[in-house]
Amino acid sequence: MAALFAVLSALFPLVASASATTLAWNAANEPVVVGARPDLGPGALRLRFESPRKVEVDALGAAVLALRPGVEPPPELRAEGTALGSSERTWWIPAHPGEDALDVCRRWAGHPAVASVLPDLLLPRRPYDVALDDPRYPGQWYHELLGTEALWEISFGDPTVPVAVVDSGIEIAHPDLAAGIADPYDAYADDDDPSPDPGEFCFDGAEVVCDEHGPAVAGIVGARANNGEGIVGFCPGCTLVPIKLLGEGAGALHSDVAAFEHAIDSGAAVISNSWGYVESIPVPAPLAAVIRRAASETRGGLGSVVVFAAGNDDRVIEDDELQAMDEVLCVGATDRYGNPTAYTNEGATVDLAAPSATVTTSHSGGYTETFGGTSAAAPVVSGVAGWILSVEPDLTATEVRALLMETARPSPLVTHDESGHHPVYGYGELDLDALLEALYPETGGACACSGAGGVAPFWPVLPALWALVTRRRGRSLWWHGGGATGGDSPCTPGDPADSTRAMR
Ligand SMILES: [Ca+2]
Ligand SMILES: [Ca+2]
Ligand SMILES: [Ca+2]
């Protein structure tokens, strides 16, 4: 019965999440017969179970029976049933002529050898593969590489979790983004439409919309799922807060700060950044200050997970740069084989590597298969962070960053140092299997029916779990006070207020 409940829980997650009561069918508590289903064979019925909750389901004209422990199959069972396994502990019994599914059950329900019997229910299965009707989803190789569907088995993301995308123009009317957009802002022009403007980043003087960067990043984070359109982002159920920061030409520092202020005002759970300064400069102090506020003050003090791309200059990141901030999750890019991309920046402050998600949304309602750079890796992590906060909304930003780093998989292609770090891969490659293992230790991963409430209580088990993870990986914990919540300014004042910024 417990197994059946598990199956039913998987089938009807909304109904089944309330309690762990078994489905109480027996001869004394029969389902209601809704009608016969002769189209499904002799004795088939449509049944409605009233207890412990309403479930309406078809049954073939047969029963499935389990024997009590240690009881030999009685001869009359052998005569009319078929064992479902070599152990002969479970049996399938077809209805006699003129009987229906319930008649068979009634005959066997009171038998002293029988532990449980149920009609042979036609329970609609939910496949492990998430059914997706997005036509370009099969081309999104990085979801297959990472096993993202295992996350979506649990949740597509919660619309109460806003993920801010700070980028170039973001096409808020894109058919694969529009339904998820809230609170759009253009920090570059200080208006409320962050869509790319004609002529931006066209490079050939054309006065049409050319810029795909913003839509591409936003799509990787949160393109809608199952809308019959395009692709699927990592957190397709999260809300997207598009913030345009980059336009044609240099932007001013005040717009960088205003972008983060808007993210804070929007209650952003995650702030995704696939941009950086062209020159290696210390992070301007007012920007550092607003990023620290975002990382610690949003969500009632839990903070936003601030993600930055490592950058694409194939150089070492200085410790005082934007993407090197303690409060920032710095993401390098790998290819589909786990090799580092040729351009990805490196250094002691790289936290994590993720695949460069090349297939994504583009401008003018279109799609691209040639997006790239660390710009395409950071939003992978941002989307996953949005997913984490969808299922575990009480985690702090520091805890989410630490969780992602602790569950990252050291690259087998290089040697990580004794603390588990490598200048290119950081603490390793994003590992969604390990992430699920950390969040759902009892179920070992994706299961819509883990625990009675659907989501295992995470926080109480985490310290022990991390001790385990740490032993296994031979590296130090990244915990509160372990360097992830630094309050000292790593930057120097007096930075240029009008730095140019780069994409890709
Ligand atoms: Ca605008
Ligand atoms: Ca879609
Ligand atoms: Ca960092």
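What counts, and at which threshold
The residue numbers shown here count from 1 along each chain, following its written sequence. In the order they appear in the text, chains get letters beginning with A and ligands get numbers beginning with 1. The predicted origin of the model limits local features to residues at a pLDDT of at least 70 and limits the giving and counting of side-chain atom pairs to 80 or more, whereas totals for whole chains, interfaces and linings rest on all residues. Think of it this way: any DSSP run of H or I at least four residues long counts as a helix, any run of E at least two long counts as a strand, and we number them from the N terminus. Partly exposed residues are those whose C-beta has more than 12 but fewer than 20 other C-beta atoms within 10 Å; 20 or more makes a residue buried and 12 or fewer makes it exposed, with C-beta atoms placed from the backbone. Contacts here follow a simple rule: the backbone-placed C-beta atoms of the two residues must lie within 7 Å. Whether two strands pair comes down to DSSP finding at least two bridges between them. To get an axis, fit a line to the C-alpha atoms, keeping to the stretch in contact for a helix; angles then go from 0 to 180 degrees between the N-to-C directions. Should an angle fall under 35 degrees it is called roughly parallel, over 145 degrees roughly antiparallel, and 65 to 115 degrees roughly perpendicular, with every other angle called oblique. Should the near helix be turned anticlockwise from the far one by less than a right angle, the crossing is left-handed, and should it be turned clockwise, the crossing is right-handed. Any residue that is not Ala, Val, Leu, Ile, Met, Phe, Trp, Tyr, Cys, Pro, Asp, Glu, Lys or Arg is counted as polar, Gly included; the first ten are nonpolar and the last four charged. The predictor's confidence in any single residue is recorded as pLDDT, a number from 0 to 100. Buried Ala, Val, Leu, Ile, Met, Phe, Trp, Tyr and Cys residues whose C-beta atoms connect them within 7 Å together make up a nonpolar core. What the arc measures is the spread of directions leading from the helix axis to the C-beta atoms.

(A) Focus on the overall build of the protein chain. Secondary structure assignment for the protein chain yields 13 helices and 17 strands. For the protein chain, buried positions account for 48% of its 504 residues. The contacts of the protein chain with a sequence gap of at least 6 include a subset with a gap of at least 24, amounting to 70%.

(B) Spatial organisation of the sheet that holds strand β8 (residues 185–186). Here 7 strands make up an open sheet; going across it, the order is β8-β9-β7-β10-β12-β13-β14 and the pairing parallel. Looking at which strands have only one partner, the edges of the open sheet turn out to be β8 and β14 (352–355). Relative to strand β13 (residues 328–334), strand β12 (residues 305–309) runs parallel, the two being bridged by 4 bridges. Note that in β13 the partner of Val 306 across the bridge is Val 328. Where helix α11 (residues 397–406) meets the sheet, it contacts β12, β13 and β14, and its direction lies at approximately 45° from that of β12.

(C) The arrangement of helix α7 (residues 213–222) in detail. Within α7, 10 of the 10 residues are buried, which leaves it mostly tucked inside the rest of the structure. All of the buried residues in α7 are His 213, Gly 214, Pro 215, Ala 216, Val 217, Ala 218, Gly 219, Ile 220, Val 221 and Gly 222.

(D) Focus on the packing of helix α10 (residues 378–391) against α11. Relative to each other, α10 and α11 sit at 120°, their axes nearing to 11 Å. Regarding the angle of α10 to α11, the classification is oblique. Between α10 and α11 the crossing geometry is right-handed. Of the residues in α11, those touching α10 at Val 381, Ala 385, Ile 388 and Leu 389 are Val 400, Leu 403 and Leu 404. Of the residues that constitute the contact of α10 with α11, the class distribution is 7 nonpolar, no polar and no charged.

(E) Expanded view of the packing of helix α8 (residues 253–265) against helix α9 (residues 285–301). For the pair α8 and α9, interaxial distance at closest approach is 9 Å and the crossing angle is 5°. Overall, the two elements α8 and α9 adopt an arrangement that is roughly parallel. Residues Leu 253, Asp 256, Val 257, Phe 260, Glu 261, Ala 263 and Ile 264 of α8 form the contact with α9, whose participating residues are Pro 286, Leu 287, Val 290, Ile 291, Arg 293, Ala 294, Glu 297 and Thr 298. Of the residues belonging to the contact of α8 with α9, the class tally is 10 nonpolar, 1 polar and 4 charged.

(F) Inspection of the pairing of strand β10 (residues 270–273) at higher detail. The side-chain alternation of β10 yields two buried faces, one formed by Val 270 and Ser 272 and the other by Ile 271 and Asn 273. Of the strand pairs in this sheet, strand β7 (residues 162–167) and β10 are connected by 4 bridges, and their pairing is parallel. The residue bridging Ala 164 from the neighbouring strand is Ile 271, located in β10. Here 4 bridges tie β10 to β12, and the two strands are oriented parallel to one another. Residue pairing across strands places Ser 272 opposite Val 307, the latter belonging to β12.

(G) The arrangement of unusual backbone geometry in detail. In the Ramachandran plot, Glu 88 falls in the positive-phi region, its phi being about 60° despite a non-glycine side chain. Tracing the backbone shows Glu 88 in the loop between β4 (82–83) and β5 (90–94). Positive phi is not limited to glycine here, since Asp 314 has a value of about 50°. As for its placement among the helices and strands, Asp 314 is situated in the loop between β12 and β13.

(H) Spatial organisation of the confidence of the model for the protein chain. On average, residues of the protein chain carry a pLDDT of 83, and 80% of them reach 70 or more. Scored below 50 in pLDDT, residues 1–24 makes 38 contacts in the model with residues more than four places away or belonging to other chains. Across residues 443–500, confidence stays below pLDDT 50; counting only partners more than four residues off in sequence or on other chains, it has 98 contacts.

(I) The arrangement of the nonpolar core in detail. Grouped together as the largest cluster of nonpolar side chains are 106 residues, with contacts concentrated most on Val 163, Val 307, Val 331, Leu 352, Val 381 and Leu 430. Ranked by residue count, the leading element in this core is α10, at 9 residues. Leu 47, Val 55, Ala 95 and Val 104 belong to the second largest nonpolar core, which has 23 residues in total.

(J) Seen up close, helix α4 (residues 101–109). Of the positions making up α4, those classed as buried are Ala 101, Leu 102, Val 104, Cys 105 and Trp 108. Looking straight down α4, one finds that the buried residues subtend no more than 155° of arc, so they occupy a single side. At its buried positions, α4 is contacted by β1 (32–36), β2 (45–49), β3 (55–67), β5 and β6 (114–122).

(K) View of the environment of Leu 40. Assignment of secondary structure puts Leu 40 in the loop between β1 and β2. Residue Leu 40 is classed as partly exposed on the basis of its 16 C-beta neighbours within 10 Å. Taking the C-alpha atoms as reference points, Leu 40 and Leu 60, 20 residues apart in sequence, are found 6.5 Å from one another. With residues up to four places along the chain from it excluded, the contact list for Leu 40 reads Asp 58 and Leu 60.

(L) The environment of Ala 263, seen in detail. On the secondary structure map, Ala 263 appears in helix α8. By C-beta crowding, Ala 263 is classed as buried, having 31 other C-beta atoms within 10 Å. Placed 79 residues apart in sequence, Ala 263 and Pro 184 show a C-alpha to C-alpha distance of 9.8 Å.

(M) Up close: the environment of Phe 260. Turning to its location among the elements, Phe 260 is positioned in helix α8. Residue class for Phe 260 comes out buried when judged on the 28 C-beta atoms lying within 10 Å of it. Here the alpha-carbon distance between Phe 260 and Ile 291, two residues 31 residues apart in the chain, equals 6.7 Å.

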